[in-house]
Amino acid sequence: MEGCKKVKILVTGAGGFIGKNLLRRLHNEGYSDVVAFDLGTPPEVLDSAVKDCDFVFHLAGVNRPKDAAEFMEGNYGFTTELLSKLSEAGNKASVLITSSIQAELDNPYGKSKKAAEDYIFQYGKQSGAKVLVYRLPNVFGKWCRPNYNSAIATFCHNIARGEPIRVNDPNTDMHVVYIDDLLNAFMDALKGKETVENGFCIVPITHKAKLGYIADLIKSFKESRNNLEVPYTKPGSLETKLYSTYLSYLPESEFSYPLKMHIDARGSFTEFLRTPERGQVSVNITKSGITKGNHWHDSKNEKFLVVSGKASIKFKKIGSDDIVEYIVSSDKLEVVDIPTGYAHNITNIGDGDLVTVMWANEAFVPDRPDTYVENV
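What counts, and at which threshold
- Residues numbered from 1 in each chain as written.
- Predicted model: local features only at pLDDT ≥ 70, side-chain atom pairs only at ≥ 80, totals over all residues.
- Heavy atoms only, no water.
- Helix = DSSP H or I, 4+ residues; strand = E, 2+ residues; numbered from the N terminus.
- Rg over C-alpha atoms; globule rule 2.2 N^0.38 Å.
- Contact = heavy atoms within 4.5 Å.
- Areas by Shrake-Rupley, 256 points an atom, 1.4 Å probe, with all protein chains shown as cover.
- Lys, Arg positive; Asp, Glu negative; His and termini not counted.
- Charge placed at Lys NZ, Arg CZ, Asp CG, Glu CD.
- Pairing = 2+ DSSP bridges.
- Buried < 20%, exposed > 50% of the residue type's maximum accessible area, 1.4 Å probe, protein only.
- Polar contact = N/O pair within 3.5 Å; in protein donor to acceptor, adjacent residues only side chain to side chain.
- Axes fitted to C-alpha atoms, helices over the stretch in contact; angles between N-to-C directions.
- Phe/Tyr/Trp six-rings, centres within 6.5 Å; stacked < 30°, edge-to-face > 60°.
- Lys NZ or Arg CZ within 6 Å of the ring centre and 35° of its normal.
- Core = buried A, V, L, I, M, F, W, Y, C linked by side-chain atoms within 4.5 Å.

Peer 1: Describe in detail the overall build of the protein chain, supporting the description with residues and values.
Peer 2: Regarding its fold elements, the protein chain presents eight helices and 21 strands. Taking 21 Å as the expected radius of gyration for a compact globule of 376 residues, we find that the protein chain reaches 29 Å, considerably beyond that expectation. Taking the principal axes of the C-alpha coordinates as reference, the protein chain spans close to 90 × 50 × 40 Å. Once local pairs closer than 6 in sequence are excluded, the contacts in the protein chain between residues at least 24 apart make up 74%. Put simply, the protein chain shows about 19,800 Å² of open surface, and 50% of that area lies on carbon and sulfur atoms. Seen as two clouds, the 44 positive and the 48 negative side-chain charges of the protein chain have centres 2 Å apart.

Peer 1: Which residues make up the sheet that holds strand 16 (residues 310-317), and what are the values?
Peer 2: Read across the sheet, five strands follow the order 17-16-19-14-21 without closing on themselves; strand pairing throughout is antiparallel. Unpaired on one side and paired on the other, strand 17 (324-329) and strand 21 (372-373) mark the two borders of the sheet. Bridge analysis of strand 14 (residues 291-296) against strand 19 (residues 342-348) gives four bridges, and the strand direction is antiparallel. In the strand pairing of strand 19, Thr291 is matched with Thr347.

Peer 1: Talk me through the side chain of Thr347; I want residue IDs and the actual numbers.
Peer 2: Within the secondary structure, Thr347 is located in strand 19. Of the residues examined, Thr347 reaches a relative accessible area of 15% and is grouped as buried. Of note is the side chain of Thr347, whose polar atom sits 2.6 Å from the side chain of Thr291.

Peer 1: I'd like to hear about the sheet that holds strand 15 (residues 302-308), residue by residue, with values.
Peer 2: The strand order across the open sheet built from six strands is 11-12-13-20-15-18, with neighbouring strands paired in antiparallel fashion. At either margin of the open sheet sits one strand with a lone partner, and together these are strand 11 (261-264) and strand 18 (335-338). Adjacent strand axes in the sheet meet at a mean angle of 20°, parallel and antiparallel pairs treated alike. With four bridges joining them, strand 11 and strand 12 (residues 267-275) adopt antiparallel strand pairing. By the bridge assignment, His262 is partnered in strand 12 with Phe269.

Peer 1: With reference to specific residues and values, describe the packing of aromatic side chains.
Peer 2: The final tally for this structure, using the stated rule, is eleven aromatic pairs. Both rings, one in Phe140 and one in Tyr178, keep their centres 5.3 Å apart while their planes meet at 40°; by these two values the pair is tilted. Within this pair, whereas Phe140 is found in strand 6 (residues 138-140), its partner Tyr178 is found in strand 7 (residues 173-178), the two being separated by 38 residues in sequence. You'll find Phe140 and Tyr178 in the same group, each marked buried. Ring geometry for Phe221 versus Tyr246: centroids 5.8 Å apart, planes at 50°, classification tilted. Taken together, the residues span a long stretch of sequence, with Phe221 in helix 7 (residues 211-227) and Tyr246 in helix 8 (residues 238-248) at a distance of 25 residues. Judged by its relative accessible area of 3%, Tyr246 is buried. Three or more aromatic residues joined by ring pairs make a cluster, and in this case those are Phe55, Phe57, Tyr134 and Phe186. A cation sits over an aromatic face here: Lys142 above Trp143, 4.9 Å from the ring centre.

Peer 1: How would you summarise the side chain of Thr245 if you had to cite specific residues and measurements?
Peer 2: In this fold, Thr245 is placed in helix 8. The buried category is assigned to Thr245, whose relative accessible area is 1%. For Thr245, the contacting residues outside a window of four places in its chain are Phe140, Gly141, Lys142, Ile152, Cys156 and Tyr178.

Peer 1: Give a description of the nonpolar core that names residues and reports values.
Peer 2: Ranked by internal contacts, the top residues of the largest apolar core, which has 51 residues, are Ile9, Ile18, Leu22, Phe57, Tyr134, Leu182 and Phe186. Looking at this core element by element, the count peaks at eight residues for helix 6 (residues 179-190). When near neighbours in sequence (up to four residues on either side) are disregarded, Tyr134 contacts Leu96, Ile97, Thr98, Ser99, Ser100, Ala185, Phe186, Ala189, Glu194, Cys201, Ile202 and Val203. The next biggest cluster of nonpolar side chains, apart from the first, holds 23 residues, and it includes Leu10, Val35, Ile120 and Ala129.

Below, the structure is given as structure tokens:
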């Protein structure tokens, strides 16, 4: 709803992991009247915001204090203070609060979260304000602080830097939610379209996996720079979200990595990516006047795309003397399929280097190359 963009929004805990991501999402979706409150923000900012805000994202809380008593002070105490200020101002703004699945557990953190839940539910009944309580599992994604209270953030940060990680029990069940899925739920709630089960708001998309699986998967992301295997990235999968998270923790000095170039007088051949299910992608550079190929395949098939230069790609069906020729160049990008059962070659007929992106439907295996010499 376009009118929804005009609401005034208060975000507490704005400097935290979820808060930072939420502020960017609100900005990206056109919400301009947003008040960010966090530790160090002058108290008068909060006092002013509670008077006329329309919606409150109450994300502020304590999850790793020096003293266990701070749990109750930070999670319950500040919640009561915030709601009291809203009440005193006569403001019945909707209030969304992030709780935790640990609210069901008998520990100091869980007790403080449960106390805050009970208070806000009571506040909603007494004031008539709409309250939305999210009991969140472990949240992961970009900008989460490593070596603090998120195993995934720690794994990503340490593995990306070659530092050790600690997995006490690989069979531990992890219930996690990706930051973007959480923000999607928050945006729905802001528009009055929250999903509710048993009185609590839920994030419709969460994931469950073993801790050991998550750790091994993140290790495989680092190894993919060596074996060139592209991680499983089905849209919406846990694996895809973990890979996006891992990349956000790369040291800024290590965004790039070298590839192994096979260089000779004819040019070079460099493998770029490979997958178990979708084959491999390589970059072939051919010097002017040079011909490469002159072979054929039983089952392996390829696609050639000339991205720089001009080439002649010739085919000869095995058992025939007829030649089929395609002239292609970077002036008009087009893909040439390389069918099975046809000997084929590629010749650089331009003046400069010929650069061809080549895809093969299966990654190269040295002991079964499926490649047979045959001149075209």
